[in-house]
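# Commentary on secondary and tertiary structure
The primary structure of each chain is shown beneath.
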Amino acid sequence: MALCAAATRSDLQAVLGTLAPISPAADLRVPETGLVMVQGRMGGDGAPFNVGEATVSRAAVQVGERSGFAYHLGRDQTKARLAAIVDALWQDDNRRAAVETALAEVEARLEAEAAVRAAQTAATRVNFFTMVRGDD
Amino acid sequence: MTATLPSGAGFTDAVGQTQALFRVLMDAMARPGSIGRMPFDLAPPAPLTPELAAIALTMADQEASLWLDPGLSAVDAVARYLRFHTGAPLTDDPAQGAFALIGDPRHMPPLDAFSQGLEDYPDRSTTLVIAVEELAAATPDNARAFVLEGPGIAERAAFIASPLPDDFRAQLQRNRARFPRGVDCLFACAGRIAAIPRSSTIIGGV
Amino acid sequence: MYVAVKGGEAAIDNAHTLLAHTRRGAPEVPEITPAQIAGQLTLAAERVMAEGSLYDPALAALAIKQARGDLVEAIFLVRAFRTTLPRFGQSVPLDTSAMAIERRISATYKDLPGGQVLGPTFDYTHRLIDFLLEAGAEVPEPARADAGDAVVAPRVTDLLDGESLIERETRADDAPAPDITREPMEFPASRDQRLQVLARGDEGFLLALGYSTQRGYGRTHPFVGEIRFGEVAVEFVPEELGFPVPLGNVRLTECQMVNQFTGSADKPPQFTRGYGLVFGQGERKAMAMSLVDRALRAHEFGEESGAPAQDEEFVLSHCDNVQATGFVEHLKLPHYVDFQAELELVRRMRAEYAAREERVEEEARE
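These numbers were taken from a predicted model, which means no experiment stands behind them. (Residues numbered from 1 in each chain as written. Chains lettered and ligands numbered in written order. Predicted model: local features only at pLDDT ≥ 70, side-chain atom pairs only at ≥ 80, totals over all residues. Heavy atoms only, no water.)

## Quick notes on the pattern of salt bridges
Residues and elements named next belong to chain C. Test applied: Each reported salt bridge corresponds to a side-chain nitrogen of Lys or Arg within 4 Å of a carboxyl oxygen of Asp or Glu. Only DSSP runs of H or I with at least four residues qualify as helices, and only runs of E with at least two residues qualify as strands; both kinds are numbered from the N terminus onward. Only protein chains enter the accessibility calculation, which uses a 1.4 Å probe. A residue is then buried if its area is under 20% of the maximum for its type, exposed if over 50%, and partly exposed in between.
Following the criterion strictly, the structure yields 48 salt bridges over all chains and no others. The partner of Arg 103 in a salt bridge is Asp 123, and the shortest N-O contact between them spans 2.9 Å. A residue pair is termed long-range when its members are at least 10 positions apart, and Arg 103 in strand 3 (residues 100-105) and Asp 123 in the loop between strand 3 and helix 6 (131-135) qualify at 20 residues. The exposure class of Arg 103 is buried, given its relative accessible area of 1%. Glu 300 is the salt-bridge partner of Arg 297, the closest N and O atoms lying 2.7 Å from each other.

So, in structure tokens, the structure goes:
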């Protein structure tokens, strides 16, 4: 599910493309955008406080016998609905393997992007060395 | 991750339909004793009635909690339906609910068991939503009618709602005496709605 | 007296059309897109998210475009937008120690686990205008290095905690914090309420207040224990599901300010903490917030107080730039009747003054 949250709308369209045919999805709840109040902790590890809100879109669908849902940052209700369909298909034991295979490609791309960012960040790490040691 | 999603659909046009129903509820509260029409039906799991479901989906949310009477809370599908469509927390304590859904008015708790609000924040009281079997306009001389006076009523308003507890009229009078604290009541049946807010004076004997 | 007047509709409509035209600027210059603002004026969009108190980079960018780059106006637009949305709930409190770090520095320890990671910073630039940017020169590819353990680094405050040299945060329970956007704040405010107000407060106002504490108006002897910036995962427990679901990542800046405390009758001398946490890469804001957070705790530590930054009611009532702009800018609305009344009053007082002067002169002549 974290993967679907990080994926783009076109990622999910591509994933569902590989899983066709899919029976039509019915909305259990119409896709909707709302707010979640993001809480931090005082000092990073203390009691909670409110940092500010974030937009969140959600969807809940029924595909055949299975229901699926999604909650994502942002206002893309279409993406949330696609993710809910992916979730519903994943609930189906007969399709789970195919869903995971289709998502693996997205996962590999997201991991590669994160690795590049981490490597670029690591290159800005300071290596201190002592210039002069004044002992005498 | 497996989620148990509910049976029973919510509104198809959540914004438009809840706004329309909000208007109906506001009018019912503003004109106590008048009979309003609820424009649509839902198909919630029994014994939750379509009227109670529509009002809950319109009014309850993450910050407006729901109390269900024992007949409703005994059915797991009802709780799941309401949680899913409203996101509202469900509470066991009638004094904690922003809204109370009452499916069996014969055995409902007394009005003073619900949150009465505070002198400084009278809005923090419970609004009772009561599913009755009969709801009809009446003339003020009808012995079965609730006859009301007060804000929003030209002279007198009257309507019949039943079944309700035997001493309900007396309870409403005590509720009125607590003003500005006290609860507000909505009565719903077969697509119709009427209200007795705490501002209404109940005329007639016990 | 109250006089209702009508008129000006056509002028207002035309002014708005002119605004749209002026916003577009010279037609031969390509129109700016929200994606360009979010991607290239990122810190402006992030400031709008922080002070608009709404995490949504695309929305913040659009607001900046609509506001012609006026960030306070953009913040106002974002605040107005959030009122149109339903609230789904509160997130699980963020775990900033699990941040995917893009910058992390400490001014208190040179060699700390995880290291000093500069990230994309303006520090050490010479603040010379770069005319190559105007020419559209290509930027070199960033260097890469083995990431190792740079991704997750322990908090600096945990290092001091080993010797009990620093105060511990209390974490009795995880009851949701009171929300100043839902329940009106009353004074004295709790620290969680203060931090919420500061997190959405105006950067300029908080910067000035933080600066004032350094210049002696409520000294707090601050050191930057740590500043970190990067992405943190947000989780949320929907009421109908009852288990946490990942929503995605938000970019945040956290500042741990470490302050000397000389001790009191019931507390030994130790270091205390001021805390800053803001949406986006907002180092200046996070630092200012942590300075003001600590200054507002003066009372808690029995310290001498009275400086502006220590005055909770003053700070919290005036740090919101949407509230401030509303009240200041309302002065330009018609006050014709109020002013007529004042005009009459001043004329009468002048007449009385003139009469008095005349009397004094007459008496002098007599």
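## Things to note about the pairing of strand 3 (residues 66-73) of chain A
Residue and element names in this part refer to chain A. To keep it simple, the criterion reads: Here the rule is simple: two strands pair whenever DSSP picks up at least two bridges between them.
The element strand 3 is extensively covered by neighbouring structure, given that seven of its eight residues are classed as buried. Across eight bridges, strand 2 (residues 48-63) lies against strand 3 in antiparallel orientation. From the neighbouring strand, Ala 60 faces strand 3, where its bridge partner is Phe 69.

## Overview of the domain arrangement of chain C
Residue and element names in this part refer to chain C. How we decide: Note that the domain bounds reflect an automated or database-derived domain assignment. Only heavy atoms enter the contact rule, under which two residues are in contact if any of them lie within 4.5 Å. Here the quantity called buried area is the accessible surface, traced with a 1.4 Å probe, that two parts lose on coming together, added over both. Identification of polar contacts relies on pairs of N or O atoms within 3.5 Å, with a donor-acceptor requirement for protein atoms, meaning one able to donate a hydrogen and the other able to accept it, and with residues adjacent in sequence counted only if both atoms are side-chain atoms.
Parsing chain C into structural domains produces domain 1 (8-82) and domain 2 (96-134 + 148-325). Each of domain 1 and domain 2 was reduced to a C-alpha centroid, and the two centroids are 28 Å apart. Residue-level contacts link 15 residues of domain 1 with 21 residues of domain 2. Contact between domain 1 and domain 2 buries roughly 1500 Å² in total, counting both sides, with carbon and sulfur atoms accounting for 55%. Counting across the interface, domain 1 meets domain 2 through four salt bridges. Across the pair Asp 202 and Arg 47 runs a salt bridge, and its minimum N-O distance is 3.7 Å. Counting every contact that joins domain 1 to domain 2 gives eight residue pairs in polar contact (both at pLDDT 80 or more). For the side of domain 1 that touches domain 2, the secondary-structure elements that each account for two or more residues are helix 3 (42-52), strand 1 (54-55) and helix 5 (71-82).

## Describing the interface of chain C and chain A
Quick reminder of the rule: For this scheme, ten residues count as nonpolar: Ala, Val, Leu, Ile, Met, Phe, Trp, Tyr, Cys and Pro. Four count as charged, namely Asp, Glu, Lys and Arg, and the remainder, Gly too, count as polar.
Counting from both sides, the interface comprises 79 residues of chain C and, opposite them, 47 residues of chain A. Counting across the chain C and chain A interface gives five salt bridges. The interface formed by chain C and chain A holds 29 residue pairs in polar contact (both at pLDDT 80 or more) in total. A total of nine residues in the side of chain C that touches chain A trace back to one element, the largest contributor, which is strand 5 (residues 245-261) of chain C. Considering only residue class, the side of chain C that touches chain A consists of 40 nonpolar, 15 polar and 24 charged.

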